[in-house]
Every structure is written in C-alpha cells, then in structure tokens.
Amino acid sequence: MDNNQYLEMFLQESQEHIESLNNNLLDLEKNSNDKHIIDEIFRSAHTIKGMAATMGFGNMNKLSHKMEDLLQDIRNNTIEVTDNVMEILFKCVDTLSEMVDLITEKGDDTLNVEDLINLLDNINSDKNEIAATNIKVTPTETEQDINIYEKDIIEEALKQGYKSFRIKIVIDKSCIMKSARAFIIFNELEKMGSIIYSSPSIEDIEDEKFESEFSIHLLSKFDKEYIKEKLLSISELKEIIIEEILFPKEMSKVEKKENNEIKNVQKNTKTTKTVRVDIERLDNLMNLVSELIIVKTRLEDIESDNKNSEKAATIEYLERITTNLHDAVMKVRMVPVERVFSRFPRMVRDVSRELNKKITLNMYGEETEVDRTIIDEIGDPLVHLIRNSIDHGIETPEERIKIKKPETGIINLKAYHEGNNVIIEVSDDGAGIDLDKIKTKAIEKGFMSKEELNQISKDKIIKILFEPGFSTSDKISDISGRGVGLDVVKTKIEALNGDVDVITEKNKGTKFVIKLPLTLAIIQALLVKVGDEKYAFPLNSISEVVHKNINEIHKVQGKEVILYRGKVIPLIRLNEILEIENTGLNVDLICVILKKGENLAACIIDELIGQQEIVIKPLGKYLSNIKIVSGATILGDGQVALIIDSNNLF
Amino acid sequence: MSLYIVTKVEDEDYAIEIDKVQSIEKIMKITRVPKAKSYVEGVVNIRGDIIPIISLREKLGFNKNQLKDKNRIVILKHDDILIGIIVDSANEIVEIDEKNLDVTEDNDNSITGLNMVDKICKIGNRILLIVNLDKLIS
C-alpha cells in the first residue's frame, strides 16, 4: 500500500493528539483522580498507537503501546498518579512529538527510546502479572469480569441513556486477515458507541493473537437490531451474538434521566462541520483575490476619465463584491491564537519547575482570530516574553511570602481585537522592572551616560530594554538573560508591522502589550511620488500630511529639523535616501509625518497621489537585503511601486 | 542531449538551460530599486509576481547600454528564486550534446571575464558560452 498520501494526514492527526495529550496531562496533574481525563489521555495514546502501527512506524507504535499499558493501569487503579508517573508520561509525549518531527523531516522515527521504555517497564513490572492474567480470562457472560472501573463507566453511561451490550463475534475460519476484519468491526462499533472492554484485548486482536472469536462490551444509544444489521454488512463473519445487559438497579435511574444530561453527551460527541484545506490552496486563492483587486483598481482608474453612468454603477457593484470576497477569503485564512497559546501551559509548567517557582498561567481570548501569516510569526516572541516573566518577573515563593504576596505567581496571557489590530498582552504579578538596575546597566554597557539618563523619561528608560545586547539579568541563565530576548521580540514584531509596549510597576508586575495588524496581505496605503517614481507608505505608519514652507526648516547640530505641533522632529529628504535627483527647489514642501512608536519624523515628498488599498507582495529572496523597502505592490496600470519601510528610515 | 536557449550579449552567444527558463518577455517598464547593486535594474510585475531584473551585460563586465525595444528579459527559475535577466536578444534554441561540452579550466577568468561561464561548446565554427546560473544568481 502506498502510505504517502496518508502520511500528511497521519502527521497532522498525531500532532493534534500530542497537543491534546499535553493539555490533558496538565489537567491530570491538577486533578489526578479525574477518570474522564485519564480516558481522554488513553484514547489519544491509543489512537496514536493505532495510526503508527498502520503507517509502519514501529518505534512510535512501541512507545505509545507501553504508554497505553501504563494508562490502563492508572485506569484500573493499580497504579497511582505520582509525580514520577507524570514525569514519565510527559517524557513519553515529548518523545512522541520528537518522533513526529523526525518523521516530518526524514520519514522515519528512529529515536532511542530504550531508557524511556525501561522506565515504563519498571513502573509496570509490579502490575504486569495481574494485568496479564486479567486479559487472558476467557469471557463468560456474567458481570464478574467487568471490573470496578468499567462498572463505573457503565453506570454513568446508563444514566445518560446508553445501552450496554455484550457482543460475541466469530470470524469465518477462511478469513485470511482476521485482524483487519476485526479492525473494521471495531471501527464500525466505535461509530455507534464506545467499546469499553474486549476479550482478547484490542492489542492481542491487532496482533492476531486470537483464534476466530472475540467478545466486546459496547455502550451505545442504538438498539440491538440496528447494531446487528450494521455488523451483518461486514463480510466473512460467521456468527454474531448480541445481548443487552441490564442492570436492574441502574435501569430505574435510566428512566429518570434528565433531558439536559442527554444534551451534555451530545455536546461531547459533537462534530463540527469543517474541511481541512491545504494552506497552499488558500494562499493561491488569496493571490487570485489580490489580482482581482488590482484589476478592479485599474478599472476604476479608467472609469474616472469616462462618464458612463451604467458602467460606473457596474464597477461600483464590482467593487462591493471584491471587497466582500476579500473579507470572506481573509476570514478563511484566520486562525485562532489558540494555535500558538496551546503550547504555553506546558512550557510554563516545565520552566517554573526548573526554577522552583510556583506559577499559574491564565489564558484569555484564545479564540481571537488572526491571519495565518501572523500566527506563524508570533510564537517565538511570545515564548521570549513568557520566559522572561517566569525568569525575571515572578519572584521565588520565599521572596513572595516575605513581601506578603500569594506564594503562587500569576502570568496572564490575553488576546483581543481592537479596531483593525490584535492585541496580545503578557502580564505577570512579579517584581516589575527595576529602573535603577536598567540605568546602572545602561551606563555600564555604554548605552548612555548618567547625565543623559537623568534627562529622559521613565518610559524611555524602559525602552532601553529593547536595545540589542542589553540584559539586566545578573546571571546568565538557561531560560533568558542572554540579552538577545527583548530586541529579538521587538524586531520580529516590527517586521510584522506591529508594536510592543511595556508597562511596569515595582513589586506589582510587568505587562508587555503587543499590537499587531489583522493581516499582512492587503493594507491601506498612501501613494506618493518622489521624482518620477511612485512609492507607497503603509497608512498605519503615517500620522499626518502637512505643508511646510522652506523657511521653516531649521538646523540642529547640522541636522535638518522642523517644528511640528510644538515638537522638534527630524526632517528626512526622501529623494536623497532613494538616490533620486532633486527636481528643483520647491518653496512649498509636502511633509508626510511618519510615526515609529512615539518617535516622529517628517519626510519630504514631491507629490501626493492618494490613499489606496494595496496588495503587499514580497520583493523576494534576491533583494532581501534592501532594508528601506518592505515589499512591493502592483498598481492599477500593472506597474510596480515599492513600499517604504518607515521603521528603517529613522 | 539537452536544449539550450541562446541569448546574445555584444554579439557573443550565451546559452542557458531551457529547463530553467520560465518565459521570455519583451522589454517593459522596470521599477528601480534604490540601494540595490548596480547590476540590478529593478523589479517588474509578471502576471502578479514581483520579479527582480538584472543586467546580464553588466554581470559579464560589459558597459551598461540604454535599453531598446529589441532587448529581451529572460525569466529564470533557479533554486526557487525567480529572476529576470536582460539580454540583447534571445531567439534561438539549440540542442547540445554533453559530449561536445568543454569544461573551461578558466580559473584566472582570462577568457570569460567574471566567472559567469563554466562550460564552452563548439558547434561548427560557433562558440557557445554556457552560463553558470549559480554564480549569476548569487
């Protein structure tokens, strides 16, 4: 069988299961007695095992199998969920994740798992015998072989309106692939309900360690006839015996079942109507919409010199449709920030343990949607910020008790929409940023002199944190403090046309606020002319356009400046930066006031063309070293205009 | 045997593997890119893609020429990079037998200038210079 076409699906699903394993393990750590969580974990591990076996990834199959054994023991209450057990389970998940990465890269899962498997075996060793005998018991149609755990489930299920069936299946002797046949049966049954017990065990059946018959305990809402009919559609089965098991006591409860309980069950099994789409196809669709917008702009241009009302109305209609289409495609490309957030609970747990700190991570607004292109980029900056909070922000439990704070620190991760932006906040209730420490370090590292530091505002001092090569941490730890963190965060966010801000108060905590545009593909821009060339400025980098007289240019320390709203701001002669010859002396200057955070600069241009919706296209790898240009766009007439990256102008 | 497109620069024949050629375009308005290397003519829009355009002339060490209507832009795709090179003309395809290829041991670049050519092929009394795309697009 050609597995290639399934490989991608396998990888994707494995990743999802690993993610859910991670989340559920974190939950389990908090309530180690919750049966539902253990069930979830077991299910994920089981699915991974099954998939890995089908795809022929032996190592992965082996590891998840062992993991499943351990989980089974936890389910049966033969093993307690201790710290040690949790640690091993986390390690298993990490290793599985590594294997998935390896498979993605190289196509195989060769990873040394002996140590881990030994650990698993050690835990299991005491229980193995019991477990083994448990499995080998031949089924009798009584309740005795249903252990306590299963009884619990059955009772719970009966309350929720499920029926309990004992199904015995005999496969035809002539059947060649018994386990495959069994697999189909299991699949079919799982569609109708859940299998809580099978004899021989599912593993043994998969390995063909059974003669020709096996029995299953199924919980299902369907009736006996329906199940039988479904099973009869599977070929090569010799005999099917279905028997409903009634528990007299529970039955009376079943009748009293509440409607809302049924709803609960339905909610759990609800399948959302979604389609998986290859990202490339979406990008392609987006490109086509971009093209359409360009053509539309072109039509509008032609239209402006041509007065024909019917044609104008049609073009207006076209404009409305393209705008709607653009919105619709944008929405399709939006993904919830949960995609990035989901890895943080695990990270916070691991890092805080490493540093012996107690930290609770709260996440809000995981459902907030952002364009896919942005999602892929914000992961690293957020990791930096959260690690920073854990390492520098939150104090050790002892210190916290000393200053009468709750022993456990809190990190809040919050995402929400604000206008055309997405805001992501990372805040902690830790020590806050020590301004004096920044000052001392800044002098030490020669960023600024003492005199300069005394003159600038508190906010500006905090901004020094984002300078390359600056770190206030006294000791260089593994977590952060290499002085690369915050400037990387800043560069990355700015590259996305976003902005980072810090608010901090001593002993109260620190808050980093990241502001990002909703999308990077299509923006509003101001088109200008410098000499004969057309350029575009992203509208969100412009504060205003003003006219100035040539006499209003002053010189400060040899640099040209102008007064703007009572502030002295630098003047940029764009034609010089762009190496365009000056077309002559103008008395009236058109200045585009650019903003970069709180800094402003006036940029002289020759002519304003107007505001326009533009589609951003990358300049490509070959020209990636050109810093003042962030991309290009195609104008209505098919020509290319470059987009100025004002962050690199001043 | 493989096919090559023959382009002309200063009456010399430069051959490019046909597999790498995406299209040949007539000369169009090229948007200058400030701060780029001098051989970068700028960028153009070809069916929605922004493609950098470089001058093969300048890369080969000839003087820059005013672009004329007969100039052509050969769009190449090499190592996932789309790039256009301006040539004087491009209107011939030849079949070259690899056996006829002489690899130039031209380490001091005395014959072929800036090291953009690594193989030479003789067909009759014609000499075709085979462009090394790795070096051209680096």
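Source: prediction; values computed, not measured. (Residues numbered from 1 in each chain as written. Chains lettered and ligands numbered in written order. Predicted model: local features only at pLDDT ≥ 70, side-chain atom pairs only at ≥ 80, totals over all residues. Heavy atoms only, no water.)

## Focus on the nonpolar core
Across soluble globular proteins, you tend to see nonpolar side chains buried next to one another.
Okay, step 1: Grouped together as the largest cluster of nonpolar side chains are 64 residues, with contacts concentrated most on Phe537(A), Tyr622(A), Leu649(A), Ile85(B) and Leu136(B).
Okay, step 2: If sequence neighbours within four positions are ignored, Leu649(A) has contacts with Phe537(A), Ile572(A), Leu574(A), Ile577(A), Leu594(A), Cys603(A), Ile628(A) and Ile644(A).
Okay, step 3: With 47 residues, the next largest nonpolar core counts Val340(A), Val426(A), Ala442(A) and Leu516(A) among its residues. (Core = buried A, V, L, I, M, F, W, Y, C linked by side-chain atoms within 4.5 Å. Buried < 20%, exposed > 50% of the residue type's maximum accessible area, 1.4 Å probe, protein only. Contact = heavy atoms within 4.5 Å.)

## Section: the interface of chain A and chain B
Okay, step 1: On the chain B side, the residues contacting the 21 residues of chain A number 23 residues.
Okay, step 2: Of the roughly 1,800 Å² buried at the junction of chain A and chain B (both faces included), carbon and sulfur atoms supply 65%.
Okay, step 3: Our enumeration of links across chain A and chain B arrives at one salt bridge.
Okay, step 4: Across the salt bridge formed by Glu533(A) and Arg32(B), the nearest N and O atoms sit 2.7 Å from each other.
Okay, step 5: Inspection of the chain A/chain B interface yields four residue pairs in polar contact (both at pLDDT 80 or more). (Buried area = accessible area lost by both parts, 1.4 Å probe. Salt bridge = Lys/Arg side-chain N within 4 Å of Asp/Glu carboxyl O. Polar contact = N/O pair within 3.5 Å; in protein donor to acceptor, adjacent residues only side chain to side chain.)

## A look at the pattern of salt bridges
Residue and element names in this part refer to chain A.
Okay, step 1: One pass over the full model with this rule turns up 30 salt bridges over all chains.
Okay, step 2: Taking the shortest distance from any N to any O, the salt bridge between glutamate 505 and lysine 508 comes out at 3.6 Å.
Okay, step 3: One salt-bridge network, held together by shared partners, links Glu29, Glu87, Asp94, Arg346, Arg349, Asp350 and Arg353.

## Observations concerning the sheet that holds strand β6 (residues 359-364) of chain A
All names here are of chain A.
Okay, step 1: Ordered in space as β6-β8-β9-β11-β10, the five strands form an open sheet in which the pairing is mixed. Two strands lie at the open edges of the sheet, namely β6 and β10 (499-505), each paired on one side alone. Looking at each pair of strands side by side, their axes are set apart by 15° on average, direction ignored.
Okay, step 2: Across eight bridges, the pairing between strand β8 (residues 409-418) and strand β9 (residues 421-428) is antiparallel. (Pairing = 2+ DSSP bridges. Helix = DSSP H or I, 4+ residues; strand = E, 2+ residues; numbered from the N terminus. Axes fitted to C-alpha atoms, helices over the stretch in contact; angles between N-to-C directions.)

## Topic: the packing of aromatic side chains
Okay, step 1: If you walk through the whole model with that rule in mind, you get five aromatic pairs over all chains.
Okay, step 2: Residues Phe186(A) and Phe214(A) carry aromatic rings whose centres are separated by 5.8 Å and whose planes lie at 10° to one another, so their mutual orientation is stacked. Of this pair, Phe186(A) sits in helix α7 (residues 178-192) while Phe214(A) sits in strand β3 (residues 213-220), and the two are 28 residues apart along the sequence. As far as the burial class goes, Phe186(A) and Phe214(A) line up, both buried.
Okay, step 3: Cation over ring: Arg75(A) sits above Phe42(A), and NZ or CZ is 3.9 Å from the ring centre.
Okay, step 4: Sitting over the face of the ring of Tyr39(B), Lys59(B) holds its NZ or CZ atom 4.2 Å from the ring centroid. (Phe/Tyr/Trp six-rings, centres within 6.5 Å; stacked < 30°, edge-to-face > 60°. Lys NZ or Arg CZ within 6 Å of the ring centre and 35° of its normal.)

## Concerning the confidence of the model for chain B
Okay, step 1: On average, residues of chain B score 84 in pLDDT, and 91% of them reach the 70 mark or higher.
Okay, step 2: On the interface metric, ipTM, the complex scores 0.87, and its pTM is 0.53. (pLDDT = per-residue confidence, 0-100.)

## A few points about the environment of Ser179(A)
Residue and element names in this part refer to chain A.
Okay, step 1: For serine 179, the position within the fold is in helix α7.
Okay, step 2: Residues serine 179 and glutamate 206, 27 residues apart in the sequence, show an inter-C-alpha distance of 5.2 Å.
Okay, step 3: Discounting residues that sit within four places of it in the chain, serine 179 has contacts with Ile205, Glu206 and Glu208.

## Here we look at a nonpolar patch on the surface
Residue and element names in this part refer to chain A.
Okay, step 1: A surface patch of nonpolar side chains, about 230 Å² in accessible area, is lined by Val295, Leu299 and Ile302.
Okay, step 2: Take isoleucine 302: it is sitting in helix α12 (residues 279-304).
Okay, step 3: Owing to a relative accessible area of 46%, isoleucine 302 belongs among the partly exposed residues under this scheme. (Patch = residues over 30% accessible without salt bridge, like charges linked within 9 Å, V, L, I, M, F, W, Y side chains within 5 Å. Areas by Shrake-Rupley, 256 points an atom, 1.4 Å probe, with all protein chains shown as cover.)

## So, empty space enclosed by the protein
All names here are of chain A.
Okay, step 1: Per the stated rule, a full pass over the model turns up one cavity of 30 Å³ or more.
Okay, step 2: By volume, the largest cavity amounts to about 50 Å³.
Okay, step 3: As for the largest cavity, its lining consists of Ile293, Ile294, Thr297, Gln612, Glu613, Ile614, Val615, Thr633, Ile634, Leu635 and Gly636.
Okay, step 4: Looking at the lining of the largest cavity, the elements with two or more residues in it are α12, β20 (607-615) and β21 (629-634).
Okay, step 5: At four residues, β20 tops the list of elements feeding residues into the lining of the largest cavity.
Okay, step 6: Split into classes, the residues belonging to the lining of the largest cavity amount to six nonpolar, four polar and one charged. (1 Å grid on protein atoms, 1.4 Å probe; cavity = no way out; pocket = protein on both sides within 12 Å on 5 of 7 lines; lining within 4 Å. Points joined across faces, edges and corners; volume = space filled by probe spheres on them. Nonpolar A, V, L, I, M, F, W, Y, C, P; charged D, E, K, R; others polar.)

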